[in-house]
Amino acid sequence: MSIRSVIVGLGSYLPEKILTNTELAERVDTNDAWIVERTGIKQRHIAAEGQVTSDLATEAAKAALKDAGLTPNDIDIVLVATSTADDTMPATAVHVQHKLGMTRGAAFDFQAACSGFVYGLHMADAFLRAGSAKRILVVGAETFSRVVDWNDRGTCILFGDGAGAVVVEASEGETTRGILHSEIFSDGQYAALLGTTGGTSRTQTTGVVTMQGKEVFRHAVSKMADVVERSLKATGHTVADLDFVAAHQANARILSSVAEKLGLPAEKALVSVDMHGNTSAASIPLALAAAKAQGRLKEGQLLALPALGAGLTWGNCLLRW
Ligand code: COA
């Protein structure tokens, strides 16, 4: 019997401290009206001093396990997508494993920037369908506030801290739920469009975020729309079959442009970026968690989860919730 990878638990976590646009305008030459008009972002959450990525990830993972009715030792692999690891090594994922009290299985990080969560679902699906695990925690967690240049108004307005997690389970029975199709891509020729000014090997620092915003915007719209269309085509669906597109939450204008390009009604494009800014690998599960809290997510719905991030990396996961 074929195996289907089904999301059986969803959790998220946002740090307590909120930084509003008006507060940001006290640091750099910007204003609430410009930020809302150009990005849709109203506020972002900032990790407390001493609170690290694995702390955020652990809270989201605990919530996902609770939602699934499972314990940490029901999990075989912890996958953490992050560009803002606690340490250069070991992996943030092993700290999450330990903080969860999990004493078995394997845990590791991977880095695909803002596409991290989709890469994680793609990997989890491959592990589960290969039979090498039964349940996998996929976590996207970031503390971008630690690598943002707080003097650069072109980037510091965009990013925030947060985490989201799902438990993905191998289902061998008859089910219509689960991951129907996923694909991941990258093209390193665009590496200079979005990145940091340093890193472990190159500068022995983290560096700060730099971005060519307009170019990234253009790639985000065309590539995210394209990967959704590819998944629909591969599975014999049309845009009209989609209940929601939960795209990477970078900018509300990107989300509405993707919807427009697909011919998707605007209300079917989930938006939570207004509440937390761009949280990179955490943004898709945060958007799903917000929709769930609003009572909008229902079993059986068809969802596309496209993302694009530094690399450039991009991809999509089409699933029945
Ligand atoms: N507040 C006020 N003015 C600002 C500003 C800010 N925070 N940031 C830039 N500006 C100014 C610029 O200096 C420029 O002024 P000028 O015309 O006098 O030179 C003007 O606004 C337009 O700047 P520009 O960079 O062309 O704006 P934009 O419309 O491209 O919007 C972004 C900038 C960053 C919001 C937009 O490019 C974007 O969202 N890009 C995608 C970013 C993204 O999502 N990245 C992550 C993907 S994973």
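In this text the structure is predicted, and so the values were computed from the model without any measurement.

**Structural notes on empty space enclosed by the protein**
Enumeration over the complete set of coordinates arrives at two cavities of 30 Å³ or more. The volume enclosed by the largest cavity comes to roughly 40 Å³. Along its surface, the largest cavity is lined by V245, A247, L255, V258, A259, L264, A269 and L270. Looking at which element gives the most residues to the lining of the largest cavity, the answer is helix 7 (residues 252-262), with three residues.

**Side note on the site of the ligand**
Surveying the vicinity of the ligand reveals 22 residues, the closest of which are T30, R38, R153, K214 and N251. Between a nitrogen atom of the ligand and a side-chain N or O atom of T30, the distance comes to 2.6 Å. Starting from 950 Å² of accessible surface for the ligand in isolation, the protein chains cover 72%. Applying the majority rule of atoms within 2 Å of the grid points places the ligand in the second largest pocket. The set of elements that each furnish at least two residues to the shell around the ligand consists of helix 2 (32-39), helix 6 (213-235) and strand 13 (307-309). Classifying every residue of the shell around the ligand gives ten nonpolar, eight polar and four charged. Among the domains, domain 1 (4-171) and domain 2 (178-320) are the pair contributing at least three residues each to the shell around the ligand.

**Here's the deal with the sheet that holds strand 6 (residues 135-143)**
Taking strand neighbours across the sheet as the criterion, the five strands line up as 1-7-6-4-5 in an open arrangement whose pairing is mixed. Unpaired on one side and paired on the other, strand 1 (4-13) and strand 5 (106-110) mark the two borders of the sheet. Strand-to-strand twist of the sheet, defined as the mean angle between neighbouring strand axes without regard to direction, takes the value 20°. Relative to the sheet, helix 5 (residues 116-129) contacts strand 1, strand 4 (77-81), strand 5, strand 6 and strand 7 (161-171), its axis offset from that of strand 6 by approximately 165°. Contacts from helix 9 (residues 283-293) reach strand 1 and strand 7, with the element oriented near 85° to strand 1.

Conventions we followed
- Residues numbered from 1 in each chain as written.
- Predicted model: local features only at pLDDT ≥ 70, side-chain atom pairs only at ≥ 80, totals over all residues.
- Heavy atoms only, no water.
- 1 Å grid on protein atoms, 1.4 Å probe; cavity = no way out; pocket = protein on both sides within 12 Å on 5 of 7 lines; lining within 4 Å.
- Points joined across faces, edges and corners; volume = space filled by probe spheres on them.
- Helix = DSSP H or I, 4+ residues; strand = E, 2+ residues; numbered from the N terminus.
- Near = heavy atom within 4 Å.
- Polar contact = N/O pair within 3.5 Å; in protein donor to acceptor, adjacent residues only side chain to side chain.
- Areas by Shrake-Rupley, 256 points an atom, 1.4 Å probe, with all protein chains shown as cover.
- Sits in = over half its atoms within 2 Å of the grid points.
- Nonpolar A, V, L, I, M, F, W, Y, C, P; charged D, E, K, R; others polar.
- Domains from an automatic or database assignment.
- Pairing = 2+ DSSP bridges.
- Axes fitted to C-alpha atoms, helices over the stretch in contact; angles between N-to-C directions.
- Contact = heavy atoms within 4.5 Å.

Interpretation in functional terms is not warranted from these geometric data alone.
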